[in-house]
Amino acid sequence: MEPISNEYTMERITNPSESLQEDLWHRLHEYSVSKLADQNLESKEFFAILVKEGETLVAASLCYLFFKGLNLQLLWVAEGKRGQDLGTKLLKQIESEALGLGATLVFGYSFGFQAPKFYTKLGYEEVGKIPNYPEGQNCYFLCKKLTNNSP
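Residues numbered from 1 in each chain as written. Predicted model: local features only at pLDDT ≥ 70, side-chain atom pairs only at ≥ 80, totals over all residues. Heavy atoms only, no water.

Here Glu 11 shows up in the segment before helix H1 (18-34). Accessibility expressed as a relative area gives 67% for Glu 11, which makes it exposed. On a C-alpha basis, the gap between Glu 11 and Lys 35 in space is 29 Å, while along the polypeptide they are 24 residues apart. (Helix = DSSP H or I, 4+ residues; strand = E, 2+ residues; numbered from the N terminus. Buried < 20%, exposed > 50% of the residue type's maximum accessible area, 1.4 Å probe, protein only.)

As structure tokens, this is what we get:
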């Protein structure tokens, strides 16, 4: 990469270490919290929920809670296990965990070839869309406001 000035250089890192990622997220979160009026928004947590059949992983999720919102980064169900209600049960558990952590909403995205209808059927609202991304598909941004009756 070319230097951007005599003082600065840019470096591209493939597969940045967990410690670098953690440091960068910490820096952004620290700055962001300093700009918010409610210091109760400082709480954050990154977690996974796994569904196993014996020792075999059959469904999983990655979740990142911040600012009282749970970012559902991914929800996956093994192809041979789809249609057996595992995704619904996993999503309800995610919502329950979110409520227990003080979250007021869950948000994430799904491509058209994945499962946007799965989410809307379970009370998620489409709040945005990137048309033709990836090419020939759409990317849907989804959100569900949580209440104590949600899951």
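Okay, back to it.
Moving on, we come to the nonpolar core. Ranked by size, the top nonpolar core spans 20 residues in total, and within it Leu 70, Leu 72, Leu 91, Ile 94, Val 106 and Tyr 119 carry the most contacts. It is helix H2 (residues 86-100) that contributes the most residues to this core, four residues altogether. (Core = buried A, V, L, I, M, F, W, Y, C linked by side-chain atoms within 4.5 Å.)

Here we come to the UniProt feature "domain: N-acetyltransferase" (unreviewed entry) in the protein chain. When the UniProt feature table is mapped onto this chain, "domain: N-acetyltransferase" (unreviewed entry) is found at residues 11-147. What you have in residues 11-147 is 28% helix and 38% strand, and the ends, taken at the C-alpha atoms, are 44 Å apart. (UniProt positions renumbered as here; feature names shortened; annotations may be inferred.)

In this fold, Asn 71 is placed in strand S3 (residues 69-77). A polar contact is formed between the side chain of Asn 71 and the backbone oxygen of Phe 107, at a distance of 3.3 Å. Apart from the residues lying within four places of it in its own chain, the contact partners of Asn 71 are Leu 62, Cys 63, Tyr 64, Phe 66, Phe 107 and Gly 108. (Polar contact = N/O pair within 3.5 Å; in protein donor to acceptor, adjacent residues only side chain to side chain. Contact = heavy atoms within 4.5 Å.)

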